[in-house]
Amino acid sequence: MSSKHTGSAVWSGGLKDGGGKISTQSGVLDGVEYGFHSRFEDGPGTNPEELIGAAHAGCFTMALSGILAEAGLTAQNLSTTATVTLDKVDGSFAITEVHLNLVARIAGADQQKFEEAARKAKDNCPVSKLLNTHITLDARLES
């Protein structure tokens, strides 16, 4: 099974005084503004790092749901936040870390099996495999 999806960006102007718009094939994002001010300051719009964070959180959470299903478990709630760190390294910018913070409610799950499933999802979701960075995880099972 193969799946292809597109995202697009347009940009006008210089790095600090210019701006761009990001769109997705589905239309969920359609001409959403992004630029220097939304990336490095508190300006309006989005930025690549928060979009990567949303993609990673979504991918990881979906992968975990599948792993839980294989174990005969269904989550009542899985809530993941991905914090993407952008740092200047050797004179250029790089994503140096993604930290996944998961809070889950899963009836009948024990802590050890839950943590194993979460680690497996972290290591094997397609976005984790794509990112060439250090990925950490905190996984908390609530009752």
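These figures come from a predicted structure and were not determined experimentally.

Engineer: Help me out: how do you make sense of the pattern of salt bridges in this one?
Structural biologist: It is possible for side chains bearing opposite charge to pair when their charged atoms get close. This structure, assessed with the given rule, holds 4 salt bridges. The salt bridge partner of Glu-142 is Arg-105, with a shortest N-O separation of 3.7 Å. Of this pair, Glu-142 sits in strand β6 (residues 134–142) while Arg-105 sits in strand β5 (residues 92–105), and the two are 37 residues apart along the sequence. With a relative accessible area of 35%, Arg-105 lands in the partly exposed category. Asp-123 is paired through a salt bridge with Lys-122; the nearest N and O atoms lie 3.0 Å apart. Members of the salt-bridge network, linked through shared partners, are Arg-105, Arg-140 and Glu-142.

Engineer: When you look at the packing of aromatic side chains in this model, what are you seeing that I'm missing?
Structural biologist: A full pass over the atoms with the stated rule returns 3 aromatic pairs. Through a chain of ring-to-ring contacts, three or more aromatic side chains come together here, namely Phe-36, Phe-40 and Phe-93.

Engineer: Explain the state of the cysteines here, please?
Structural biologist: Among covalent bonds in proteins, the disulfide is the one between the sulfur atoms of two cysteines. Applying the stated criterion to the full structure yields 0 disulfides. Not part of a disulfide, Cys-59 finds its nearest cysteine sulfur in Cys-125, a span of 3.3 Å. Take Cys-125: its relative accessible area is 0%, and that puts it in the buried class.

Engineer: Just to check I follow, could you spell out the sheet that holds strand β4 (residues 77–89) for this structure?
Structural biologist: Adjacent strands of a sheet pair through backbone hydrogen bonds, lying either parallel or antiparallel. Spatial strand order, β4-β5-β6: 3 strands in an open sheet with mixed pairing. At either end of the open sheet lies a strand with only one pairing partner, and these are β4 and β6. Averaged over neighbouring strand pairs, the angle between their axes works out to 15° when direction is ignored. Across 13 bridges, the pairing between β4 and β5 is antiparallel. Across the sheet, residue Leu-86 finds its bridge partner in β5, namely Ile-95. Against the sheet, helix α2 (residues 48–70) touches β4, β5 and β6, its axis set at about 140° to β4. Seen against the sheet, helix α3 (residues 111–124) touches β5 and β6 and runs at an angle of roughly 150° to β6.

Engineer: Looking at this model, I keep getting lost on the layout of surface pockets. Mind explaining?
Structural biologist: The gaps left among the atoms become clear once a water-sized probe is rolled over them. The calculated volume of the largest pocket comes to roughly 230 Å³. For the lining of the largest pocket, the residue count by class is no nonpolar, 7 polar and no charged. In this model, the second largest pocket occupies a volume close to 160 Å³. Broken down by secondary-structure element, the contributors of at least two residues to the lining of the second largest pocket are α2 and α4 (126–130). Of the residues belonging to the lining of the second largest pocket, the class tally is 8 nonpolar, no polar and no charged.

Reading the values: rules and limits
Residues numbered from 1 in each chain as written. Predicted model: local features only at pLDDT ≥ 70, side-chain atom pairs only at ≥ 80, totals over all residues. Heavy atoms only, no water. Salt bridge = Lys/Arg side-chain N within 4 Å of Asp/Glu carboxyl O. Helix = DSSP H or I, 4+ residues; strand = E, 2+ residues; numbered from the N terminus. Buried < 20%, exposed > 50% of the residue type's maximum accessible area, 1.4 Å probe, protein only. Phe/Tyr/Trp six-rings, centres within 6.5 Å; stacked < 30°, edge-to-face > 60°. Disulfide = S-S within 2.5 Å. Pairing = 2+ DSSP bridges. Axes fitted to C-alpha atoms, helices over the stretch in contact; angles between N-to-C directions. Contact = heavy atoms within 4.5 Å. 1 Å grid on protein atoms, 1.4 Å probe; cavity = no way out; pocket = protein on both sides within 12 Å on 5 of 7 lines; lining within 4 Å. Points joined across faces, edges and corners; volume = space filled by probe spheres on them. Nonpolar A, V, L, I, M, F, W, Y, C, P; charged D, E, K, R; others polar.

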